[in-house]
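An overview of the molecular structure
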Amino acid sequence: MKGPLALAIGWRFYRARQANSFISFISFASTAGIALGVAVLIVVLSAMNGFERELERRLLGVISQADIVGVNEPITDWPAVVNGAMQIEGIRGAAPFIRMQGLVQKPGGFQGLSVVGIDPQEEVKVSSLAQFMSQESWQSLSQTENHIVLGKSLLKKLGLEIGDTLALYVQDNSPDGAGSLRAAKSHRFIVSGIYSLGGELELTTAYIPMRYAAQILNMNSGVTGVRISVDNVFDAPVKVRELGYAQQQSVYISDWTRTQGHLYQDIQLVRTVMYLVLVLVIAVACFNIVSTLVMAVRDKSSEIAILMTMGLSRVAVMGIFMVQGALNGLLGCALGGVIGVSTALNLSDIATGIERLFGIELLAADVYFVDFLPSELHSQDALVVILMAFMMSLVATLYPAWKASQIAPAQALAGR
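Residues numbered from 1 in each chain as written. Predicted model: local features only at pLDDT ≥ 70, side-chain atom pairs only at ≥ 80, totals over all residues. Heavy atoms only, no water.

Side note on the pattern of salt bridges
- Throughout the structure, instances matching the rule amount to seven salt bridges.
- In this structure, Arg-58 engages Glu-54 in a salt bridge whose closest nitrogen and oxygen atoms are separated by 2.7 Å. One end of the pair is Arg-58 and the other is Glu-54, both in helix H2 (residues 21-62) and four residues apart, which spans about a single turn. When sorted by exposure, Arg-58 lands in the same class as Glu-54, which is buried.
- The residue Lys-125 makes a salt bridge to Glu-122 at a minimum N-O spacing of 3.1 Å.
- You can call Lys-125 partly exposed: its relative accessible area is 42%. (Salt bridge = Lys/Arg side-chain N within 4 Å of Asp/Glu carboxyl O. Helix = DSSP H or I, 4+ residues; strand = E, 2+ residues; numbered from the N terminus. Buried < 20%, exposed > 50% of the residue type's maximum accessible area, 1.4 Å probe, protein only.)

Description of the packing of helix H13 (residues 314-345) against helix H15 (residues 379-405)
- Direction vectors running N to C along H13 and H15 enclose 155°, while the axes themselves pass 8 Å from each other. In terms of their interaxial angle, H13 and H15 are classed as roughly antiparallel. Crossing hand, H13 versus H15: right-handed. Residues Arg-314, Val-317, Met-318, Phe-321, Met-322, Gly-325, Ala-326, Gly-329, Leu-330, Cys-333, Gly-337 and Val-341 of H13 lie in contact with H15, whose contacting residues are Ala-382, Ile-386, Ala-389, Phe-390, Ser-393, Leu-394, Thr-397, Leu-398, Ala-401, Trp-402, Ala-404 and Ser-405. (Axes fitted to C-alpha atoms, helices over the stretch in contact; angles between N-to-C directions. Parallel < 35°, antiparallel > 145°, perpendicular 65-115°, else oblique. Left-handed = near helix turned anticlockwise from the far one by under 90°. Contact = heavy atoms within 4.5 Å.)

Digging into the nonpolar core
- Ranked by internal contacts, the top residues of the largest apolar core, which has 108 residues, are Ile-68, Leu-150, Ile-228 and Phe-321.
- Among the elements that take part in this core, H2 stands out by supplying 14 residues, more than any other.
- Ignoring any residue separated from it by four or fewer positions in sequence, one finds Ile-68 in contact with Ile-75, Val-81, Thr-224, Gly-225, Val-226, Val-240, Leu-243, Gly-244, Gln-247, Val-251, Tyr-252 and Ile-253. (Core = buried A, V, L, I, M, F, W, Y, C linked by side-chain atoms within 4.5 Å.)

Quick look at the packing of aromatic side chains
- All chains considered together, the criterion is met by seven aromatic pairs.
- A ring pair is formed by Phe-110 and Tyr-169, whose centres lie 5.8 Å apart and whose planes are at 80°; its orientation type is edge-to-face. You can see Phe-110 sitting in strand E3 (residues 109-118) and its partner Tyr-169 sitting in strand E5 (residues 165-171), a full 59 residues away along the chain.
- Residue class for Phe-110 comes out partly exposed when judged on its relative accessible area of 47%. (Phe/Tyr/Trp six-rings, centres within 6.5 Å; stacked < 30°, edge-to-face > 60°.)

In structure tokens, the structure reads:
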């Protein structure tokens, strides 16, 4: 009967202390602090999960997860490289590409642009780029004409529309050209489509048919390199090294951890720092539970002494005040969990609404790899946060509850 009795008395004490305005305020502050910490921590973890998802789905789904590039000459026998890649366990697909750097004229000067020549039939094996453009735009890259697909942000920045002509300046590699690295030649392209991915990639990368890119660079049947996609993106460095070491010609080996790894590290750093900060917020809120219970013990010392003279054990006395603290923690965790989960599930819409309401841009497309605030709620994250906060609130009750159990009934009643 100790458990139910302690629970019943603890509940009555919890309700009765609301009559004391100061204790009630401290109790409210501790509950609100726990709720705030839990809610914000769930939202932050969901946002970090969202950034990781978009990093893998958008950025790593479009750029090379890993690639090998010829050092001094193009890779001519690229079908053999592709076949060799597919023999390596863990590599999901391989496709050739031609990459060149160029300049496009914009209002006020020129802008550097990375132009990638792709073959849509091969590209679908390693990239999800087709998901971010229309079918007509994607099909225009399968032709041998001077088509180019630009990012939506770049198209807007250049003041162009689909069907307009774009002048691109690239290095002149023709045998009868200037023969100098300083020589550049202008090539005219027809804007045949746009892709909408969000982020900086839209401003810096354009796509053209691979066969037309080979004509520009006089590569014939050669390609700049072969890119691969892997089942697990974190295995990319190992898999591309295995593929690169098997080649007969000299090649450069690269993977996403070298080009975009800082993004993943930044996400993990922010996750860790915010986790520690918000855990400390919850700890401070739990410290308020200690203050609340200490004052409750002083307020109820005579009642506790009477109960102890009637045979209530010291363990049961501890249970009474642990129940009071646990109710504070439980209420804070419940409120924080509901608020945090609700906010995390609608975080993208909330951020969009704030942008429209105040006319601000939370994530600039030319700075971040996405132009919206992503969110992905993992149920295990929410459960861990709620359980952690509740356990911290229980730990906070131990000292005040122990002090309550050490009350000497005779002294408490004598000083009543």
